[in-house]
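So the chains spell out like this:
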Amino acid sequence: MVAIGLLCSVAPAGCGLGAGPSIGEVGLTVTRDYGSQRLLQRSDPDAPESETAMRLLDRNAEISTRYGGRFVESVNGIESGRPGGRSHDWFFYVNGVESPVGAADYELHGGDRVWWDYRDWTEAMRVPAVVGSFPEPFLHGYEGSSRPAELHCLGAGTACGVVRDRLGEEGIGLADGAPDPIRIVVGPWARLRGDEAADLIEQGPQVSGVFADFESSRGNYALELFDAEGDTRSRMRSGAGLVAATRYGEDPPTWIVTGTDPAGVAAAAHALNSSALHDRYAIVAVSPQVTFPSAPIPVPLP
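Just so you know, these numbers come straight off a predicted model, no measurement behind them.

1. Re the nonpolar core
Core analysis: the largest hydrophobic core is formed by 32 residues, its most contacted members being V163, I184 and W255. Those elements that place two or more of their residues in this core are β9 (149-153), α2 (158-169), β10 (182-188), β14 (240-246), β15 (254-259), α5 (262-270), α6 (274-277) and β16 (282-286). A total of five residues in this core trace back to one element, the largest contributor, which is α2. Judged by nonpolar contacts, the second largest core, of 24 residues, contains V30, L57, V94 and A103.

Laid out in structure tokens, this is it:
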């Protein structure tokens, strides 16, 4: 199973094996409740060549496992369980992409950012990609290989230039026509919804992993915001933008910068930065043309 932090039955870090040469710097973030509370953040500037996602966590936190060491039971005393009858477990991402293998088998590379999050997965077991490790995966790729970034603009207007500038500020280069790129699609939802990766959003969080959806009414779109239980808590009819990531099958992840209308797309484009996205699964940005400027809203809503 991809989603849950599965660990293979190997000895924990510090079992006496030589560390070997360094792979460079790797980062570790531990949060809970869809990133709403940060519990731990570490950076190892000299990670050993033998480093895995499990060893990095084990060296920096108190963990327990079950099922023969194949499942992360707890991190620093926060345990898997069913509080309130809802399933909560530990999940991990590397460079914002859900791992296809267990943490003990995931060998890290220089620049990798590992993010563990304890969350309610009753409504969405799989969340294949998240935005909270930006500028990853554009700088170091995912699953051990780098990937080109490709920008697609569909009726985005000046917002596309803003996105291009934001990527450039992070040192992210763009390549057109390269094989298997990580795509960034930018434009109002009416134009993006035909894209097979973007269209997953309209199928709900259990399919896309995104706790937001666009609702059509007489040719216009409203943006619905869900909480972790999948209930609609807010509906925005104009000037609302969304920055999210999805993944169609085993394709590279697709980043989506969209909105209810051009003002919403512009708000989303301006929110494409490390500060706004850090530790977030997805965010909603609201245009100052509609309301007073405010910080981006994380989804699912706390």
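2. Notes on the sheet that holds strand β4 (residues 71-75)
The pairing of strands in a sheet comes from backbone hydrogen bonds and takes either a parallel or an antiparallel form. Read from one edge of the open sheet, three strands run β3-β4-β5, paired in antiparallel fashion. Lying at the two open borders of the sheet, with one neighbouring strand each, are β3 (63-66) and β5 (78-79). Where β3 lies against β4, four bridges are found, and the strand directions are antiparallel. Each bridged residue has a counterpart across the sheet, and for T65 the counterpart in β4 is V72.

3. Focus on the state of the cysteines
Summed over all chains, the structure comprises one disulfide. Between the sulfur atoms of C153 and its disulfide partner C160 the distance amounts to 1.5 Å. When its relative accessible area of 9% is taken as the criterion, C160 is described as buried.

Criteria and thresholds
- Residues numbered from 1 in each chain as written.
- Predicted model: local features only at pLDDT ≥ 70, side-chain atom pairs only at ≥ 80, totals over all residues.
- Heavy atoms only, no water.
- Core = buried A, V, L, I, M, F, W, Y, C linked by side-chain atoms within 4.5 Å.
- Buried < 20%, exposed > 50% of the residue type's maximum accessible area, 1.4 Å probe, protein only.
- Helix = DSSP H or I, 4+ residues; strand = E, 2+ residues; numbered from the N terminus.
- Pairing = 2+ DSSP bridges.
- Disulfide = S-S within 2.5 Å.

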